[in-house]
Structure formats: structure tokens, C-alpha cells
Number of protein chains: 2
Amino acid sequence: MKKFNTSKISGAEELLPEKQALFEQLKSKIDETYKKHGFLSVETPHLERTEILLAKAGGDTEKQIYKVVKTAETADESDQALRFDHTVPLARYVVEYESKLTFPFKVSQIGVDFRGERAQKGRFREFYQCDVDIIGRNNLPIAYDADVIATLLDTFSTFDLDTPILARINNRKILTGLLEAFNLEDKSKDIYSIIDHSEKVSPEKTKSSFIEIGLSEEDTNMLIDFINTNGQRSFVIDRLAKLNLTNQTFLDGLNELNKVMALLEAQNLQDYITADCKIVRGLDYYTGTVFEFILPEHKNIGSVCGGGRYENLTKHFSDQSFPGVGGSIGLTRLFYVLNENNLLKNQVDSLLEYAIIPITEAEYDYSNILASNLRDKGFKTTVVYSDKKLGDKITYAAKLAKNGIIIGDEEVKTNNLKVKNFLTGETTNLE
Amino acid sequence: MKKFNTSKISGAEELLPEKQALFEQLKSKIDETYKKHGFLSVETPHLERTEILLAKAGGDTEKQIYKVVKTAETADESDQALRFDHTVPLARYVVEYESKLTFPFKVSQIGVDFRGERAQKGRFREFYQCDVDIIGRNNLPIAYDADVIATLLDTFSTFDLDTPILARINNRKILTGLLEAFNLEDKSKDIYSIIDHSEKVSPEKTKSSFIEIGLSEEDTNMLIDFINTNGQRSFVIDRLAKLNLTNQTFLDGLNELNKVMALLEAQNLQDYITADCKIVRGLDYYTGTVFEFILPEHKNIGSVCGGGRYENLTKHFSDQSFPGVGGSIGLTRLFYVLNENNLLKNQVDSLLEYAIIPITEAEYDYSNILASNLRDKGFKTTVVYSDKKLGDKITYAAKLAKNGIIIGDEEVKTNNLKVKNFLTGETTNLE
């Protein structure tokens, strides 16, 4: 027989049933919380036309996209590839069904994306992303930015993590306006990039990077002061206001950040949010509010959720303007790091409630009816069909279920059923 | 601006939010029912090594499989392709984790598979399959065959379809033994193929097909009599027993069919099952019990679920023997045909329970707290942030939610809240 490598492919996750149950529990909690907050679920295909996925050229996308080879029977179709995020398919969806959707459109997408990146521990090539987005037509009030952050905070609260969560919030207009005010717009791309990487390098490295791109010592110090500004809303807003800048973009950003945080504070979320001028979330795309969630007691894990406000979701596909705000939980990575750091209490037991053990075939029918009744009451129940010894059957049942019920001819006659709790060893009567 | 085709790719499904909610409801019911029957959920990656997927050569697989192109950063990996079913990945999984699994292993898999078939109405290239399988090590009692069928029947019962469901059950050993007894084994492949197609062609065509492969008039008539044997267990078993065959395979098949159906009858499922000698389920793979579900009032729809017993799940990957029995619901196709035939009562309304409408920004905080309280009670709730006219906001709210609650300064002061039911027009006090 040919010998096959039966391990999963590199860069994908594959769990044993107990872990899978835990993973699905988190996924369900995300789904339920998104829906409870009024988001409507949408699912687009995993395969898209390549030209749609690459409409926005550049970046790593082109290097990491998995194209599929046409088959004999799909040869007439355009080139296709696997989606690498939910944003591009959502943009296509909004353009396609615009007349049938209600705006602002609160939409959630939970599904698998694919990126052919270099394999690395804790990085995945096929992974679940759980997105919420709110899409406006022509405009979208700033209060929706707080709506997205509140939804995601509520989602994390359902996970019952053994550690707190913190949303670091910023507004990109503040830095954009600051750079305009100091006549540094021409270096803005480099500056954004240095700030975006500043948490991965030493403060000295960040400083020397600013100098290297030609900033003066004074501007460098000003920027370092700026990006180290973080804390409570009032503290950060006051400190930035003291710069006394009149640049409108800067003032708009300050005003928006203030509003978003005030809306969250009024929902009693002040302990879970902080203003942080270091958050920029990549080089482009986001234009206003930006945020990322961290576990402050486990800074090594990095961001566990992120998102922000974008100018126009559909800019590559339509002349109409659909501004939006969204956020995403990378569930496969999150589940991986939570397990690695032992942060998931064993919230679910994958064990069934009951395993029913007929002693002989003569008790199969009775056992099946009993199982059906227990399932009707909502209990996960299985029946052990086997001609093995009773002891072997009980051993098997105890691996699968919390409780065992042995059915022999006596039980069938008397209907007097004993439940053995495999976890405690106790025996009680079935109620 | 370049003009893009923003429709979904051909052969994939993509739903508007209302239909998506209905689809997800069916998917949840399947998942819940499988779990209630003691199946443990497993999820394997969408991408597999191509050599794993093609281990069993032949058939349409090779023509329909979507291979992916390596990216710059995955160039060191083996060739990969998208899975076309859940069975091959499950076989790999069982071999890989055998020592960590408990056998019989009751496993469910709900996920998307890919087949690059010719595009056709109602046929999909990317589609949900919802599988249950029970895998034994070395052996698996016949009672598990009934377990799978009972689980799938229970699943369909949760759908609240406007039409009955019927499981047509057979056992391939019966036909195999019959062909042995009549010395027709050498033509068995052709005969299986003709029977498998017999429902798609006229009785005359089936008859002439038998003649064409060289069967005698007598053998042809015997086979046509045989495949037209169907009905209640006792009727079918009696009729087949009257053939007075001594072939052991035939008798084993009869005995197994009898047992499986008796186990189902004892669970009060007699109205949902029928024995049917025409069911063979393809040319190979299955070796004992075979079944398919139909909607007898909508025969045009064809099979909506099918499965059976197989000799060895892992035969291409391991020398060990893992006999199994399984079944699958093709959910994407099922949902499509149920909609086409108007068989889904509108079981879910995708509408939110509440839309809260603050009149001005001054009522945002109050509205957010109210929303949070309603969500804690389990209600799907959204808040309408907008500086549009109140009438416009109410129109928007009525498209999204069953009930609207308008919040002005009066409501904030008095806490006296009115709920407008958008469906009936009635107004009541919020409890």
C-alpha cells in the first residue's frame, strides 16, 4: 500500500472533537452577539473572480492569493481565486444588491479566508474571520463607530476569558491633521509606517527611523510625544487640545474620537477602552476611527481584534459612495493564542449528557425510545450498540458521556432506571 | 472607472439577508440534531494535498477537482486542491488521530465542498454538505445503520416542511447475492449501473438495457420484478424470502435490512421508511445498507439525502479496517429546491425585535442603555443613529424591526416608553 502523509496541510487548523466543541462554542457566541446587536448575516462564495479580488492592486494580496485551476467543465469561466478577506466580497455584494438592501446596512460575515503566506507558528493560511460592518449610503453618522466597538466588546465579554480586554481607540484624522499643521504631509506615508511598526521595535529604533527619513530632532520629539499619548478620554483630548492647532482635519479627528469614546463611556464601558495615539492600523484604507483590542495582561499576543472607519467600501466597483465602519475577530488565530496561553476556562464539556447501555439486543428498542425522550428534553444522548462485555461498554460510555444508564430485562420490566454519574461515581434514579 | 462584473460566480449560492437567515436556521437545526444524537463535530481544512484527494483514482473526481496554484510563499509545499467531499478528509483524519479517538466514532461534519462541474440550474460548484458518519474499528454493529437513518429522519422533522419525507432503504448484499445465485456476477457492474439509472428512464428502456448487456429474457424479467419490489418491511422481506435462495450474501442482506427497518419501526418511524430494492446508490463504495430520502409529493426533486454502509473508510490510507455507515444532506441544493417548490413555511423572520429611534443626539446614551437591556433579555435590537427627519428614521426602522421605540426628551425624563408594533400598527407600553 502506498504510504500517504495523513497530517493536515501546513497553515491550517484541525482540532480533536473536544477542542472543536470549544471552538464552535466561541463561534456561536460571536454569531449570536452580532445578531443581537442587529447585524444581518451574509455569506458570499469562497471563490471570486480574480479580477474582483485584485481590483485594488498592490500590497501582499497579489503574492498571497490562491488562484484555482479551471477544470475541464469550468473552462468557459473567468479566472477565479479564493477570497483573502471578507471586505472585497462585501463590496461586490453591496454594489450588486444595493437596491435590495436597507442602509445603513449592519452586516456580519463569519467564514473562512485563505492567504498563501509563508508558514509560521500561529499564522494561518486558511482561517476564520468574523466581521461586522455598518455601511452607509453617501454618509454614515459617527455614532455607528461606537456601535461597532460596543458590539465587539460585548462579544469578547461572552467569552468568559480569564483576563481583561482593552480596546485601544484612535482617529487617523488627528495624525493626518497634525502632519499637515507641521508641513510633514509629504513624509506621511513613511511616518505612518514607522508608527505602525513602533510597538515591534525599541523606542530608540523608532526615533532613529524618524531621523533617517529626514525629520528634524524637534519634529521627531514632537511625534514621539504624540504617539506616546494615551489614556482616558479627557486626559488625551485635553493634552492634544493643548497643542493649539487650528488645522480642521486635526480638530475633526479630536471631535470624533471624543464622541466615540463618550458614547462608549455612557454604556459603562470606560474600563474597557483607552485612547491611544499609537494606533494607526496599517498604511491605507482606514480614514477616521481606528481601534484594536488587546489583552493587557498578555501583551505578547498582540491585537486580537481590529477595525475602523473607511471612506468608501465600494470605491473600486462603483461611482457611488458607501462609507463604512467595521471590525474583525480573527477567530482561528484568537482560539490558537487563547489555548496557547491557557486563557479559556474549560467552558464547554464536549461530553454527551447520557450514554444508554443496553445489555443485549433485546433492550435496543427500549433504549432507543428512552434516548429519543431524553433528546426531546434537550439532552445529547447516544446508545451503545455492542456485543462486547458489559464492562467494555461501560468504559466506552464513560469516555463519551457524563452519565450512563444500563438497560437490562429488569429495567425494561420495571421502568426503574438508575443513572450512573461517571464524573462523581454516584448513582441516582432517573427523574 | 473600470467596469466590473459584480455578480457572484456561476455555480455558487449567495442570498439576501432574509433568505440567509432562513438558510442559517436550517443549518443550525441540522447541527443541533446531529449533536443531540451524540455525534461529535469535526472540521477539516478546505485545502488538502492533491494526492490525498486523488488516492482513490477514477470517477469524476479528477475532472472536477479544483487545484490551487502555489503562491510565492507556499512554493515549498506539496500540490494542494479543494476538497470535493467530507469523506476523504475524514478518512485522513481518522488515520491521523486514530489513537486519540473513541470508536465507534460518531462524527458530524458540516461545511463547504467544491466541484468544478458544468454549470447547471440547481447544481452547485461550491456547496454545503452536512454529513454524519459512525466509524468502527474492525467491526461496527448493524444497529448503527439504523442510528444514522433515525438521526437524519429526526433532522428533517425539525425543518417543519409542508410535505412528508420518506426514507427508501435497501441493502446491497441482497442484489449482490441475487446476482451470485443466478450466475450473473460477471455482469454485475453493468447491472448496478442500469438499476442506478432506472428511475431516470422509462421501464422499457431499462428492460432493453438489460437485454443489450446480454441478459436472457428470463433473467431480465426476474431483475425487473426484483427492482420493483418495495413497500413495508414484512411485505418486501416475505416476497424476497419466497425466492428460496440459499446464497449466504443474499440471506445476510435480507437479515440486515430486516433488522435495520425493525429498529426504526420500534422508534415509531414506520410511516417514514420503506424498503425499496431499486436503491443502489452509485456503482461502488457502499457494501451493505443503502438509503435515500425523497419528498414523495415532489418526486421531481429527487433524492434530498442519502448514504449507506461502507466496508472500510480508510482503505486507501491504512491497513487497518474502519467500517462505517454514514449519510449526508446536501444543504445548498436542498435549500434551493425547497425554495423553488415553496416548501419552506416562513419559519424565521429575519426582522430584529426592536429598533430604538432617538429623536436627537441627546437621547443616544439613553437609547444605548435601553438597547443593552433589551439584548440582555435576548432580543435582537438596533439603535437608529441619524440626523434625518423622524419620519425617515421610522421608515428605516420599520424595514428592519418588528417593533419601534421612539426616544425623545420626554421619554428620557419619564421612563415611560411606548412600543409601536410595525406589523400590526398597535402601540403598547414597554414591559
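Scroll up a little and you will see the structure.
None of the values given here were measured: they were computed from a predicted structure. (Residues numbered from 1 in each chain as written. Chains lettered and ligands numbered in written order. Predicted model: local features only at pLDDT ≥ 70, side-chain atom pairs only at ≥ 80, totals over all residues.)

1. Here's the deal with the interface of chain B and chain A
In step 1: Of the residues lining the interface, 82 residues belong to chain B; the matching set on chain A comes to 82 residues.
In step 2: Across the side of chain B that touches chain A, the residue classes tally to 33 nonpolar, 23 polar and 26 charged. (Contact = placed C-beta atoms within 7 Å. Nonpolar A, V, L, I, M, F, W, Y, C, P; charged D, E, K, R; others polar.)

2. A short note on the relation of the copies chain B and chain A
In step 1: Relative to chain A, chain B is turned by 180° and slid 0.0 Å along the rotation axis, the superposed coordinates differing by an RMSD of 0.1 Å. Those values place the two copies in the arrangement expected of a two-fold rotation axis. Closest approach to the rotation axis among the C-alpha atoms of chain B is made by B:V68, whose C-alpha sits 2.1 Å away.
In step 2: Most of the interface of chain B is mirrored in chain A, where 100% of its interface residues again form contacts. (Least-squares fit on C-alpha atoms with pLDDT ≥ 70 in both.)

3. Some thoughts on the environment of B:E24
Residues and elements named next belong to chain B.
In step 1: Within the secondary structure layout, E24 lies in helix α1 (residues 17-36).
In step 2: Overall, E24 belongs to the partly exposed group, with 18 C-beta atoms counted inside 10 Å.
In step 3: Sequence spacing of E24 and T249 is 225 residues, and the spatial spacing of their C-alpha atoms is 43 Å. (Helix = DSSP H or I, 4+ residues; strand = E, 2+ residues; numbered from the N terminus. Buried ≥ 20, exposed ≤ 12 C-beta atoms within 10 Å, placed from the backbone.)

4. With respect to unusual backbone geometry
Residues and elements named next belong to chain A.
In step 1: With an omega dihedral of -5°, the bond running from F103 to P104 counts as a cis peptide bond.
In step 2: In this fold, P104 is placed in the loop between α4 (87-97) and β5 (105-114).
In step 3: A positive phi angle, close to 75°, is found at N138, a residue other than glycine.
In step 4: Residue placement: N138 occurs in the loop between β6 (126-135) and α5 (143-158).
In step 5: A positive phi angle, near 65°, is found at N268, a position not held by glycine.

5. Regarding the pairing of strand β11 (residues 305-310) of chain B
Residue and element names in this part refer to chain B.
In step 1: Burial analysis of β11 places six of its six residues in the buried class, which makes it a mostly covered element.
In step 2: Direction of pairing for strand β10 (residues 286-294) relative to β11: antiparallel, over a ladder of five bridges. Across the sheet, residue F293 finds its bridge partner in β11, namely C305.
In step 3: Sheet analysis places β11 next to strand β12 (residues 324-330), joined by five bridges and oriented antiparallel. Along β12, the bridge assignment pairs R309 with V325. (Pairing = 2+ DSSP bridges.)

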